[in-house]
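Each chain, written out:
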Amino acid sequence: MTLSRGFLFAVLVVVAAVGNASAATYIVGDTLGWTVPPSPAAYAAWASRQVFRVGDVLVFNYTTGFHDVAHVTKAAFDGCSSNNPIALATVGPSNFTLSTTGEDYYICTFGSHCAIGQKLAINVTAASSTTPAPTMPPSTTPTTPAPTMPPSTTPTTPAPTMPPSTTPTTPTPTMPPTMTPTPMSTSVPSPSPSSSSSPSGAPTPGSTPSSPTPSGSATPPPAPASESTPNGSLSPPPSSATVSSICAPLVVFASIVFALVI
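Below is a short write-up of the structure. (Residues numbered from 1 in each chain as written. Predicted model: local features only at pLDDT ≥ 70, side-chain atom pairs only at ≥ 80, totals over all residues. Heavy atoms only, no water.)

### Let's talk about the packing of aromatic side chains
Under the definition given, this model contains eight aromatic pairs. Geometrically, the ring pair formed by Phe77 and Tyr105 is tilted, given 5.0 Å between the ring centres and 40 degrees between the ring planes. A residue pair is termed long-range when its members are at least 10 positions apart, and Phe77 in helix 3 (residues 74-79) and Tyr105 in strand 7 (residues 102-107) qualify at 28 residues. Given the relative accessible area of 10%, Tyr105 is considered buried. The residue whose ring lies beneath Lys119 is Phe77, and the NZ or CZ to ring-centre distance is 4.7 Å. (Phe/Tyr/Trp six-rings, centres within 6.5 Å; stacked < 30°, edge-to-face > 60°. Helix = DSSP H or I, 4+ residues; strand = E, 2+ residues; numbered from the N terminus. Buried < 20%, exposed > 50% of the residue type's maximum accessible area, 1.4 Å probe, protein only. Lys NZ or Arg CZ within 6 Å of the ring centre and 35° of its normal.)

See below:
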């Protein structure tokens, strides 16, 4: 309720101020004032340059005792008659508010002042209909600020980082070149059976006497004699199959060692 009354009071103040501001105040004759003019048409020329509306104010500046202002009818204006004036002001300066539309007439009643041009006729028009709208006073309702949301304190969990794989990479073994062992020839010359020891110079039965070697020729080495056993019998020569069975593992072992060294 208090706010409504304050608002209405503010509107009334604004309307009154606008009404007063729309009214104009005119100094009759401007710097000449209200006096006997230098020419009979002086005040008529001044009035033709103005626009008078209802609510405007006319100010007559004159010296008291030497001039006056009478608001009269058109007939009294034309005849410069001071009988039965509408209004009369004798103390200067005098103000007259224009209250109606139409013609208004003013004269000075001193002597022949009206006859020699100290009179004024004006045309009053209606007040201007363009009245500015009253300005609304600012609202006194406090504005509640919107609450500010505090920043979120929820910790952000970083995504786990996967550790690099530590699985050892097993290199592919390189196969050494296969060396196929070539069996070595293990042929052992079979010793020729020789006759057992016999008395010197006595040929053994069945032996062929050797031919005499010619002089100057190389004598071939004698064939290895086979060992004699205690009982006087000859031991048989080693078999080639036995030698092969002994040499073959040795060759294979040597091939493997050679491959590993390479």
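### Some thoughts on the state of the cysteines
Per the counting criterion, the structure on display carries one disulfide. In this model, Cys80 is linked to Cys114 through a disulfide, with the two sulfur atoms separated by 2.2 Å. Here the disulfide of Cys80 and Cys114 is left-handed, its torsion about the S-S bond being about -75 degrees. Of this pair, Cys80 sits in the loop between helix 3 and strand 5 (87-89) while Cys114 is found in the loop between strand 7 and strand 8 (119-125), placing the two residues 34 residues apart along the sequence. Exposure remark for Cys80: the relative accessible area of 28% places this residue in the partly exposed category. The exposure class assigned to Cys114 is buried, which follows from its relative accessible area of 3%. Cysteine Cys108 remains unbridged, with the sulfur of Cys114 as its closest cysteine sulfur at 8.2 Å. (Disulfide = S-S within 2.5 Å.)

### Structural notes on the sheet that holds strand 8
The five strands are arranged 2-8-7-4-5 in an open sheet whose pairing can be described as mixed. The sheet is open, and its two edges are formed by strand 2 (52-53) and strand 5, each paired on a single side. (Pairing = 2+ DSSP bridges.)

### Notes on the pairing of strand 3 (residues 57-60)
Covered by surrounding structure in strand 3 are Val57 and Val59 together with Leu58 and Phe60, the residues of both alternating faces. Taken together, the three bridges between strand 1 (residues 25-27) and strand 3 define a ladder with parallel strand orientation. From the neighbouring strand, Ile27 faces strand 3, where its bridge partner is Val59. Strand direction decides the pairing type here: strand 3 and strand 6 (residues 94-97), joined by four bridges, are antiparallel. Of the residues in strand 6, the one forming a bridge with Leu58 is Phe96.

### Some details on the side chain of Asp68
Inspection of the secondary structure assignment puts Asp68 in the loop between strand 3 and strand 4 (69-72). With sequence-adjacent residues up to four places away left out, Asp68 is seen in contact with Trp34, Tyr62, Leu88, Ala89, Thr90, Ile107, Cys108, Thr109 and Phe110. (Contact = heavy atoms within 4.5 Å.)

### With respect to the environment of Arg49
Relative to the assigned elements, Arg49 resides in the loop between helix 2 (42-48) and strand 2. Polar side-chain contacts of Arg49 include one of 3.4 Å to the backbone oxygen of Ala45. (Polar contact = N/O pair within 3.5 Å; in protein donor to acceptor, adjacent residues only side chain to side chain.)

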